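Below are the chains, spelled out letter by letter.
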Amino acid sequence: MPRPMRHGAEPYSAYLFNGGYPTPRTIGRAYDDADLNRAILAYRFFYPTVSIMGTWKGNLKNGAVPNKVFVLLEGTPQQLVFTPNFDTPYAGLPLDLTIGPMVVELPPGPLMSSANDMNHRWVLDMGLPGPDEGNGGKHLILPPGYEGEVPTDFHSATATTNRVLVLLRALPVPARTPNELMQSVKVYPLHRPADWKEPTWISLNKPGLDFTPLVWENNLEYWKVLHEVIDTEPPYEPYRNMYGELAELGIAKGRSFAPDVRVREILLKAARAGNAILRVQSFADRRPERVVWQDRQWEWAALRPENGTFETEHYTDTYAREKWFFQGQIESPAMFARAPGAGSLYWLGLRDVRGVYLDGARTYKLVVPQPVPAKLFWSVTVYDALTRSEIATSQNNAALRSMFELKGEEGKPVIELYFGPAPPPGKEKQWIKTTPGTGWFAYFRVYGPEQPAFDGSWKPGDFTLMK
């Protein structure tokens, strides 16, 4: 049994105890350390919540109205959106469940949809990845704590917050454009009031819009937004312990957010440290299972394929959750599944064949063997490492897509793609412009992946530095 420390002994270099009692300096230091520790932990845990609030607020700031006005958006370099695809347009349907359950009715067709709430938790999938499998169907989103009758002819799910964001995508079909198909989706309350009006649609395809938490993520505003969510939404029972950590920092439901100077400094330091930790985990992942193929630099963008919510048998994989939500938004089983016939695959490219981070001042070649094992289509999209949004250059293009830029190249045994400040001669149609001084990364997306994408019989090359 270890001997107890004597009077004046120093158990840790930063802490002093006299006769077992802390000195005044030790008291202050211990509380500062404890509060900084809980603040960094809370920052990382609640980053998904603050992130989806960036999307919610970006939609409402630019004209969306919950239950009444929905938005159409193409993921282009003109806006700030975390790792959007540039392959199909989006629609955003913000819902407010304080009026009761809401119905989302999809027609038959190639629609893909997922709903997440303001805890950035998956609620349900609809369309091709959902239970209706693209055959059309009625889906019912229930508010938290709902105890009313649920009709049996609906696909239903319960949200953990009253605010829910439904995202839609649609594949092009001969008779209708993707936007026309998305606007054919019907949304209405389960119990429609007499004065109910059908929602209208607006386009947000204009430059300068921001759907991210970038302006908040490393400063005190982060905590203000988090407090807003906690104060306006019902508590989510599994988060009780984390709410307790926030309460010690003065962030609690029913309590105004008014930190004193000491706590403000701690919250600011925690936002900066927490953001740095998330960036390191996302772009310098230490988990061995990140590797897709042992002889390639490609990584899995999402570490856990099991269920779309980062749950394992015995714990929530918080590391995998943090990695994903620093790069992207929305969780869904269909996004993360790794099986033939799944909705899509996302491979993350950060480094060249030597293992060196991709540099906007250099020119790289990527060799893609054909045919790519995609039933639908595939693409390579380039993102700015600072903003995690599509790289913005004078080219105003961030993707090379089998349906568009690369159409007509299907018969070649390989296709060569180029990335750099200027295109190699004659390669303009197979090139994405990058910016000196800015790091970048890429997502290789395969839609409708087939068996060779999983068994190693097909794989893309690595980014190779050109001389």
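Heads up: the structure comes first, above all this text.
Just so it is clear, the model here is predicted, and its values are computed rather than measured. (Residues numbered from 1 in each chain as written. Predicted model: local features only at pLDDT ≥ 70, side-chain atom pairs only at ≥ 80, totals over all residues. Heavy atoms only, no water.)

Caption draft 1: Here's a closer look at the overall build of the protein chain. Along its length, the protein chain carries 8 helices and 21 strands. Referenced to the eigenvectors of the C-alpha coordinate spread, the extents of the protein chain come out at roughly 80 × 70 × 45 Å. Restricting to contacts in the protein chain with at least 6 residues of sequence separation, those with at least 24 account for 73%. On the protein chain, roughly 20,900 Å² of surface is accessible, and the fraction owed to carbon and sulfur atoms is 53%. When the 50 positive and 51 negative side-chain charges of the protein chain are each reduced to one mean point, those points stand 5 Å apart. (Helix = DSSP H or I, 4+ residues; strand = E, 2+ residues; numbered from the N terminus. Contact = heavy atoms within 4.5 Å. Areas by Shrake-Rupley, 256 points an atom, 1.4 Å probe, with all protein chains shown as cover. Lys, Arg positive; Asp, Glu negative; His and termini not counted. Charge placed at Lys NZ, Arg CZ, Asp CG, Glu CD.)

Caption draft 2: Inspection of the environment of Arg121 at higher detail. Tracing the backbone shows Arg121 in the loop between strand 6 (111-117) and strand 7 (122-127). Taking the C-alpha atoms as reference points, Arg121 and Gly250, 129 residues apart in sequence, are found 25 Å from one another. Aside from chain neighbours lying at most four places away, what touches Arg121 is Ala115, Asn116, Thr160, Tyr236, Tyr239, Glu311 and Glu331. At a separation of 3.2 Å, a polar atom in the side chain of Arg121 contacts the side chain of Tyr236. (Polar contact = N/O pair within 3.5 Å; in protein donor to acceptor, adjacent residues only side chain to side chain.)

Caption draft 3: Geometry of the packing of helix 1 (residues 24-61) against helix 4 (residues 240-248). At their nearest, the axes of helix 1 and helix 4 sit 10 Å apart, and the two run at 130° to each other. The angle between helix 1 and helix 4 places the two elements in the oblique class. Two packed elements cross with a definite hand, and for helix 1 against helix 4 that hand is left-handed. Where helix 1 approaches helix 4, its residues Arg38, Leu41, Ala42, Phe45 and Phe46 are matched on the opposing element by Met242, Tyr243, Glu245, Leu246 and Glu248. Here the residues of the contact of helix 1 with helix 4 are counted per class, giving 7 nonpolar, no polar and 3 charged. (Axes fitted to C-alpha atoms, helices over the stretch in contact; angles between N-to-C directions. Parallel < 35°, antiparallel > 145°, perpendicular 65-115°, else oblique. Left-handed = near helix turned anticlockwise from the far one by under 90°. Nonpolar A, V, L, I, M, F, W, Y, C, P; charged D, E, K, R; others polar.)

Caption draft 4: Highlighting helix 3 (residues 221-232). Compared with the 16 Å implied by 1.5 Å per residue over 12 residues, the 17 Å span of helix 3 between its first and last C-alpha is a close match. Listed as buried for helix 3 are Tyr222, Trp223, Val225, Leu226, His227, Val229 and Ile230. The elements touched by buried residues of helix 3 are helix 1, strand 10 (163-170), helix 4 and helix 5 (261-283). (Expected span 1.5 Å × (residues − 1). Buried < 20%, exposed > 50% of the residue type's maximum accessible area, 1.4 Å probe, protein only.)

Caption draft 5: Expanded view of the pairing of strand 20 (residues 440-449). Most of strand 20 is tucked away, with 10 of its 10 residues classed as buried. The pairing of strand 14 (residues 344-349) with strand 20 spans 6 bridges and is antiparallel. Bridge assignment links Gly349 to a residue of strand 20, and that residue is Ala442. Sheet analysis places strand 16 (residues 374-384) next to strand 20, joined by 9 bridges and oriented antiparallel. Looking at the pairing, Val382 lines up with Ala442 of strand 20. (Pairing = 2+ DSSP bridges.)

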